[in-house]
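Residue-level structural notes
Chain by chain, the residues:
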Amino acid sequence: MIKILNNCIYFDIVARSLSHVLHTLDIDHELTMSISSYDSDADLYIIFTTHHLHERLPKKYISYNFEQLITDKDWPAEFYQRLSTAKQVWDYSLANIQVLNSKGVTSTLHVPFGYSQVMDIKSVKPLKDRQYDWLMLGAVSQFRADKLSALVKAYNGHPDKYVVSNNCWDRDLERTYRDTKVGINIHYYP
């Protein structure tokens, strides 16, 4: 049985989108919040948190990597070891796949992440009626802060016209998406 491990709020939309695709293709699977203590050879997990070095890995898994590997960050050898024991490593980035291959992780496949119906927001507002001009969601590293500084400065005196947050989930996230014109995504690391 294919089991999509939905154990991290940051990857919830990815897990639910992948489940939607598998359901559409009539591929039997389930969303699960944890690795079963009876982890069977018949189960194939799809996981997004291989970089969480403290977490136990299932017997058989596909790792879907969304971490930025073309960076100044020095990823520990254990991270690449965990990826090398996966049945396959999916990655959103062709540049990441080159890094993975250079580290001996060769069972890689480019699986970009894009739009899914799961992302649809109910009752979309016309652009002119949206409160926020832009948003950037996620932890604000120094690298991200530096990239955003000119934009924030341009909105000086109007902090009600944009959102920068690392704490926006569920209904708040849907409301914020519905009320925003443009989303900005900046890599966490240089």
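Above: the structure in question.
The notes below deal with the structure included here. (Residues numbered from 1 in each chain as written. Predicted model: local features only at pLDDT ≥ 70, side-chain atom pairs only at ≥ 80, totals over all residues. Heavy atoms only, no water.)

Things to note about the sheet that holds strand 6 (residues 108-110)
Basically, it comes down to this: Between any two strands, pairing holds if DSSP finds at least two bridges. For helices the rule is a DSSP run of H or I covering at least 4 residues; for strands it is a run of E covering at least 2, with both sets numbered from the N terminus onward. In this analysis an axis means a line fitted to C-alpha atoms, helices contributing only their contacting stretch, and an angle means the value between N-to-C directions, from 0 to 180 degrees. Whether two residues touch is decided by their heavy atoms; if any such pair falls within 4.5 Å, the residues are in contact.
If you walk across this open sheet you meet the six strands as 2-1-3-4-5-6, and the pairing is parallel. Looking at the sheet topology across the chains shown, the edges are occupied by strand 2 (29-32) and strand 6. If you compare each strand with its neighbour and ignore which way they point, the axes differ by 20° on average. Seen against the sheet, helix 1 (residues 12-24) touches strand 1 (2-5), strand 2, strand 3 (44-47), strand 4 (61-65) and strand 5 (88-91) and runs at an angle of roughly 165° to strand 2.

Some points on the packing of aromatic side chains
Pairs of aromatic rings are described using the distance from one ring centre to the other and the angle between the two planes. The condition is simple: Two rings from Phe, Tyr or Trp (for Trp, the six-membered ring) form a pair when their centres sit within 6.5 Å of each other. Planes less than 30 degrees apart are called stacked, planes more than 60 degrees apart edge-to-face, and all others tilted. The rule is simple: take the accessible area with a 1.4 Å probe, protein chains only, and divide by the maximum for that residue type; under 20% is buried, over 50% is exposed, in between is partly exposed. Here, a charge over a ring is recorded when the distance from Lys NZ or Arg CZ to the ring centre is within 6 Å and its angle to the ring normal is within 35 degrees.
Going through the model one piece at a time under the given rule, you end up with 15 aromatic pairs. Ring plane angle 5° and centroid distance 5.9 Å describe the contact between Phe66 and Tyr92, whose orientation is recorded as stacked. Remark: Tyr92 occurs in the loop between strand 5 and helix 3 (94-102) and Phe66 occurs in the loop between strand 4 and helix 2 (77-84); sequence separation between them is 26 residues. Given the relative accessible area of 19%, Phe66 is considered buried. Ring centres of Phe79 and Tyr80 lie 5.2 Å apart, and the angle between their planes is 65°; this geometry places the pair in the edge-to-face category. Classification of Phe79 by relative accessible area gives buried; the value is 1%. One residue, Lys73, lies across the ring of Trp75, its end atom 4.6 Å from the ring centre.

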